[in-house]
Amino acid sequence: MICSIAEGRVFAKENLHEELPEATLLALYRTMVRIRRSEEAAAALAESREIRCPVHLYLGQEAVAAGINANLKPDDYVFGNHRSHGHYLAKGGGLKPMFAEFLGKATGCAGGRGGSMHLIDTERGILGTTPIVAASIPHAVGTALAAKIRGQDSVSVSFFGDGAVEEGTFHESVNFAAVQNLPVVFVCENNFYSSHLGLLKRRRCDNIYEYAAGHGIPGVAIDGNDVEQVYRAGRAAIARARSGGGPALLECRTYRWRGHVGPAWEFNLGIRDVNEVQEWMKRCPIKKLGERLLALGIASQEELDRVQSEEDAAIAEAVDFARVSEFPPLETMSAHVYA
Amino acid sequence: MICSIAEGRVFAKENLHEELPEATLLALYRTMVRIRRSEEAAAALAESREIRCPVHLYLGQEAVAAGINANLKPDDYVFGNHRSHGHYLAKGGGLKPMFAEFLGKATGCAGGRGGSMHLIDTERGILGTTPIVAASIPHAVGTALAAKIRGQDSVSVSFFGDGAVEEGTFHESVNFAAVQNLPVVFVCENNFYSSHLGLLKRRRCDNIYEYAAGHGIPGVAIDGNDVEQVYRAGRAAIARARSGGGPALLECRTYRWRGHVGPAWEFNLGIRDVNEVQEWMKRCPIKKLGERLLALGIASQEELDRVQSEEDAAIAEAVDFARVSEFPPLETMSAHVYA
Amino acid sequence: MRLLTYGRALCEGLTQTMDADATVFLIGQGVNSPWYVGNTTEGVYDRFGPQRVIDTPVSENGVTGLAIGASMAGMKPVVIHPRMDFMLLAAEQLIGQAANWNYMFDGQVNVPVTIRSIVNRGGEQAAQHSQALQAMYAHIPGLKVVMPATPRDAKGLLIAAIHDPNPVVFIDDRWLYGVEGEVPERYFAEEIGRAKVLRRGTDVSVVATSYLVQESLAAAERLAEAGVSVEVVDLRTVRPLDEETVLESLARTHRLVVADTGWSMCGISAEVAALAACRGMYDLWAPVERVTLPCCPAPMCQPHETAYYPRASQVVAAVYRVLGANAVSYSRLAAGIGTSIPFSYPPVSADGSRLEAAESTR
Amino acid sequence: MRLLTYGRALCEGLTQTMDADATVFLIGQGVNSPWYVGNTTEGVYDRFGPQRVIDTPVSENGVTGLAIGASMAGMKPVVIHPRMDFMLLAAEQLIGQAANWNYMFDGQVNVPVTIRSIVNRGGEQAAQHSQALQAMYAHIPGLKVVMPATPRDAKGLLIAAIHDPNPVVFIDDRWLYGVEGEVPERYFAEEIGRAKVLRRGTDVSVVATSYLVQESLAAAERLAEAGVSVEVVDLRTVRPLDEETVLESLARTHRLVVADTGWSMCGISAEVAALAACRGMYDLWAPVERVTLPCCPAPMCQPHETAYYPRASQVVAAVYRVLGANAVSYSRLAAGIGTSIPFSYPPVSADGSRLEAAESTR
Ligand SMILES: Cc1ncc(C[n+]2csc(CCOP(=O)(O)OP(=O)(O)O)c2C)c(N)n1
Ligand SMILES: Cc1ncc(C[n+]2csc(CCOP(=O)(O)OP(=O)(O)O)c2C)c(N)n1
Ligand SMILES: [Mg+2]
Ligand SMILES: [Mg+2]
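Please read these numbers as outputs of a predicted model, since none were measured by experiment.

Student: For this particular structure, what's the right way to read the overall build of chain C?
Tutor: Tallying secondary structure elements over chain C gives 13 helices and 14 strands in all. Its C-alpha atoms give chain C a radius of gyration of 21 Å, within 12% of the compact-globule value 21 Å for 362 residues. Each principal axis of the C-alpha distribution contributes one length, and for chain C these read about 70 × 45 × 40 Å. In chain C, which comprises 362 residues, the share counted as buried stands at 73%. Residue pairs in contact within chain C that sit at least 24 positions apart in sequence constitute 82% of those at least 6 positions apart.

Student: Quick question: what am I supposed to make of the pairing of strand E11 (residues 230-234) of chain C here?
Tutor: Walk down a regular strand and you will see the side chains alternate between the two sheet faces. Residues and elements named next belong to chain C. For E11, the buried fraction is high: five of the five residues fall into the buried class. Side chains Val 230, Val 232 and Asp 234 of E11 all project onto a buried face; the interleaved residues Glu 231 and Val 233 project onto the opposite face, where all are buried too. Two strands pair when backbone bridges link them, and strand E9 (residues 196-199) and E11 are joined in this way by three bridges, in the antiparallel orientation. Bridged to Lys 196 within E11 is Asp 234.

Student: Where do I start with the pattern of salt bridges in this structure?
Tutor: Between side chains of opposite charge, a pair can form as their charged atoms come close. Inspection of every chain in the model, using the stated rule, returns 88 salt bridges over all chains. Put simply, D:Glu221 and D:Arg199 hold a salt bridge, and the shortest N to O gap is 3.0 Å. Here the residue D:Glu221 occupies a position in helix H7 (residues 211-225), and D:Arg199 occupies one in strand E9 (residues 196-199), the gap between them amounting to 22 residues. For D:Arg199, a relative accessible area of 23% puts it in the partly exposed group. Sharing partners across several salt bridges, the network here consists of A:Glu19, A:Glu228, A:Arg232 and A:Arg292.

Student: Would you mind showing me how to read the site of ligand 1 here?
Tutor: The full set close to ligand 1 counts 22 residues, and A:His82, A:Arg83, A:Asp162, A:Gly163 and C:Glu60 are the nearest of them. Close to ligand 1, residues of chains A and C are found. Within the backbone of A:Tyr193, an N or O atom sits 2.9 Å from an oxygen atom of ligand 1. Interatomic distance of 3.3 Å between a side-chain N/O atom of A:Ser194 and an oxygen atom of ligand 1.

Student: Quick question: what am I supposed to make of the site of ligand 2 here?
Tutor: Around ligand 2 sit 22 residues, and of these B:His82, B:Arg83, B:Asp162, B:Asn191 and D:Glu60 come closest. With respect to ligand 2, its neighbouring residues span chains B and D. In the model, an oxygen atom of ligand 2 is placed 2.8 Å from a nitrogen or oxygen of the B:Asp162 side chain. Between B:Gly163 and ligand 2, the recorded distance is 2.8 Å, taken from a backbone N or O atom to an oxygen atom.

Student: Looking at this model, I keep getting lost on helix H5 (residues 136-150) of chain A. Mind explaining?
Tutor: Given 3.6 residues to a turn, an α-helix orients residues that are three or four positions apart in the same direction. Residues and elements named next belong to chain A. For H5, spanning 15 residues, the distance from its first C-alpha to its last is 21 Å, which sits close to the expected 21 Å at 1.5 Å a residue. For H5, a buried count of 13 out of 15 residues is recorded, marking the element as mostly surrounded by other parts of the structure. A positive backbone phi angle near 70° is found at Gly 151, which sits one or two residues after H5.

Here is what the cut-offs are and how they apply
- Residues numbered from 1 in each chain as written.
- Chains lettered and ligands numbered in written order.
- Predicted model: local features only at pLDDT ≥ 70, side-chain atom pairs only at ≥ 80, totals over all residues.
- Heavy atoms only, no water.
- Helix = DSSP H or I, 4+ residues; strand = E, 2+ residues; numbered from the N terminus.
- Rg over C-alpha atoms; globule rule 2.2 N^0.38 Å.
- Buried < 20%, exposed > 50% of the residue type's maximum accessible area, 1.4 Å probe, protein only.
- Contact = heavy atoms within 4.5 Å.
- Pairing = 2+ DSSP bridges.
- Salt bridge = Lys/Arg side-chain N within 4 Å of Asp/Glu carboxyl O.
- Near = heavy atom within 4 Å.
- Polar contact = N/O pair within 3.5 Å; in protein donor to acceptor, adjacent residues only side chain to side chain.
- Expected span 1.5 Å × (residues − 1).

Next up, the structure:
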């Protein structure tokens, strides 16, 4: 379902249709389940007000984070936004530090100073997510520039939403990466909404990938609910970037199931139709891959269920860990203003 | 020489090849000569340090301002940048207030508070030029929005350089105008340099007009040294905007003869080649139209010379006027901070 | 008089102005959303339609710039930035363009734009969703900056801001939206640039902004029970600053606490303290105290967040500190300029400890 | 010691740091142009090549943001904004991102970026090419702001800024580029956060920033001829502010003039005056005087421009004003707290008129 490829600037075609190894498919499945089940746990904790900080759930978009991150090494960089639980987990971030951070505990990945919108795991190339729309796009360009200057082969991936392309910073970043030929992949998760506003209330056409042509780099729109397609496109773009081919823009078309922030579903608010949500839920990326795995005989239903129960157990453990952890001491409030 | 038209979003084709009436051609010629000769006068005054404020000369780009503005009514809005002498004159701004402003005199169009980079003529829809790159692009979108809200048929034109498309503000403005379908025409004067940097040091491809497609509006690249082509493309875009068709992007490919700022030629500084400048000077827009007028028998050489001597006389008068004018009184320094 | 909440007062002011003046329009992120702006634009879209109520893409600089452009053409746009943090992206258009335009063009084109800038903090939103940056804008000639603290001012100053021929940064704090107070039903404007003494007192002046006005009033109430008479001055406008009202209050009480919702350094509290040092020095009997945010970004976790934001108790403590201070300069005494009559406010021990202890038992 | 101009000192500091540390790179508009940055990057491109000296598109927010990103990855970028005005476009990345990062992530990722921000004014460039916005950045916890006034500091503080693990806004004024002074040839750093007494004096302290330090030194020279002993304190760093050095000076001289190159309201001069009101009040014998830009944008025409920028003569006039002031508060006298010994500095008449008249004949 590749809608368009900017003329004369294509990925190698064969890469986009290759069958993926079983182990890869199983790993993708597990990652998506981990994200799905932790988001559901987070939703419940937010509903019960145990989580008090704003949580922007990734439910429905799991294929994007899973498919892209599976192509990255620990020293590749990933930058996200307000909706980054999935990016963090898919890059290898731990469940315990994540849930502890949601609760503002000292054991949280940001020491209880960030909350859900500020996840970090320096060991895994996550140098911090920021909820200011588009603000992290130049950061990803910067780590790519650092890699280039140092002669490292790290690639940077910038995850952002369809709303972020409305910020000029997006264009400034892409243009700079293009002219400097930097190893960065721009992944736009087009879920068709920016908080309460649908895509066509904010732009004239549904054609985000076309910005790539203007900036002189490859751009493709892909089915962001098909993790295999995301994986292949990500692999091609990342390999190209790593080998000096420069940046690319992937528009992954997907959908967030819940409302913009918090656990609510956002029906009947004049924002979106129940039917629309249900249509997209039928295209659940986990169900889709699960059915493939069953059909190809790669896994049995039992094995798939086991993945889920294993992840559930880890999540339950993480939530307990978070609950029993302490808040940071009051005296540390003013610490770390300066390094 | 239309390089490309964003697919499915075209101007009416026939408009682009029609012969222009004699009076129009003669008026375009006069406007270009007025700009040319005042810029040369300004260059001389800057060389002798009579003008002390920075002057960004429009020499070589005259066809763009002349061709576009000839399609505008007095209550259409025009916004410019640091290099706006031509925009101001072509929209009907007076020579006396312009030269007086260059010298910082109370009789200047901005009362001696702006200088060359801040020209204004509210009677002619010039609400002020600003030298902050790209800053006036949203202003033009705003006057277009005002016209739309009021049900006025004014069109806004935004003039900016190839450097300005590197500012995110450009994209934010175009996207907003597109989604709101506003009567604004974006005129990018691609003179291939942003101060000391050539185009391909700042972007990967020479394809500015392609941004239009990403934003879902028509975009064309035209020969900015051919005033007839500029006039026709401007007319089509302006008429389309006026009749509710929405915005368009015109990339006018042209060249500035002098250096970025001031009267110097900027040769042998490692910035640009003498040959390149000479090549472009051969494609002088005034010479080109002059030859057409002679060939078509619309004007004799004598008549063309007369245009120049009339303009020269008016310019000399304006310079004298500026010289004998007074500075604004010292007590007014702090006036007008608030309206 | 009719009671109204601050949030509804904002909405009423906006609606009445849009009714009265067809050149007013509303633009910004979330102006037609159930969340971004609380109840402050309720019903406005239904009443005025998509031409005059424009929900925008996420493009702060562009949108602010185009509102500025529209205002040059004679419109009176109200731009909403649902968080002051996001407005940083529009700093160039506000500071570089709007503030300079009227001056730069000799008064020929003014920029009657109103920027409604919402401070929206707490709720464990952390550092990037909590900033109160009034000082940035108050620093700039050409801008006006208003910070209503009461429902009446929310309405009256919003109406004034929209009609003001200059760019006005109108800062409202969501913590105030639920505050109820008397608000005239009629269409009226409060004067921009006037502070107001909300409570008369004799012992100390507390000059405050925004929600800290409410906290200062609460502090004054508590202190009155302890026999301390506090004058509360609501600045209302931070640029232009109503220096005379502050100085008059200082001349009456001789002691000054400044309470501002932003940071201290080069903040509003600095300017008011500087005013005392420059123009009120002879009236000042004790060092000025500043109640501001601590010198760090907003924390996230609940205990830190609770400690971070100053409340009435911090104002009370600051009042005790200024009351406990001596009114005479030892350096001047040493130089033989002054007598040795240490002065301290009657019910307070020299270091203020007695009353502070009493306070802590509340 | 070797003499060097301020501009060349900047260049030497940069070059030595890039020699010493491979993680340092230079990025910004015009870093390799003959105009934008004067002579402050001369030879740097030839020495370090296009990998480490990157001239950029006109994209202030993006470029600042990517430098911040590179610094998170362990690089030490130096971003040049050839005019502080243009840097407004990068306000969100600086204030929203860089300043908060280390705090928000519990000290795990710091942002060692240096923002060289050039104040470039005069030359009839008008309002949008003249701004000196140090106060905006000084207001923000998490940022450091340095403003070297001498060639030695230009080099030493630049080296310190680049090595500082925090985001540092380094502000240099092109009016200083030609100033010559002693600069060590060796690779050295000055400490960020320390003010310096550049001239000892007993009658009044002039606390100044950037080029107004040079003007204040000139003023002190003139005033010395008139028998007035001026202490000149160069702030050097405006955030963190070296409060102790200022207060010590005030404790010695008891009179304070603050001279800052920016606007007054909520400016650096406000903070220093507030410091006197809050922590130096007992030492203060006269109202504080502030020497700043007038409360308007930069004008264009030559007579206005000349009048607009404060110079040594404004510092001299301010010194006379503080010397002419009384050291005793009449309000305290009236309240019976203080004696009635009006105090005025020996060679000055009560209203300062005698010496001011003398001055005006120079
Ligand atoms: C600069 C800025 N402006 C506005 C916001 C408020 N905001 C938070 S999330 C969001 C929507 C972003 O939409 P999109 O990028 O599509 O991401 P999604 O929420 O769909 O994942 C907005 C407008 C913000 N955080 N930062
Ligand atoms: C925001 C901003 N950044 C940088 C500058 C400095 N500057 C002035 S003109 C200019 C070049 C602009 O190039 P272009 O837009 O192509 O216009 P041209 O000079 O070629 O007409 C630059 C970078 C500025 N004025 N404003
Ligand atoms: Mg979205
Ligand atoms: Mg150009």
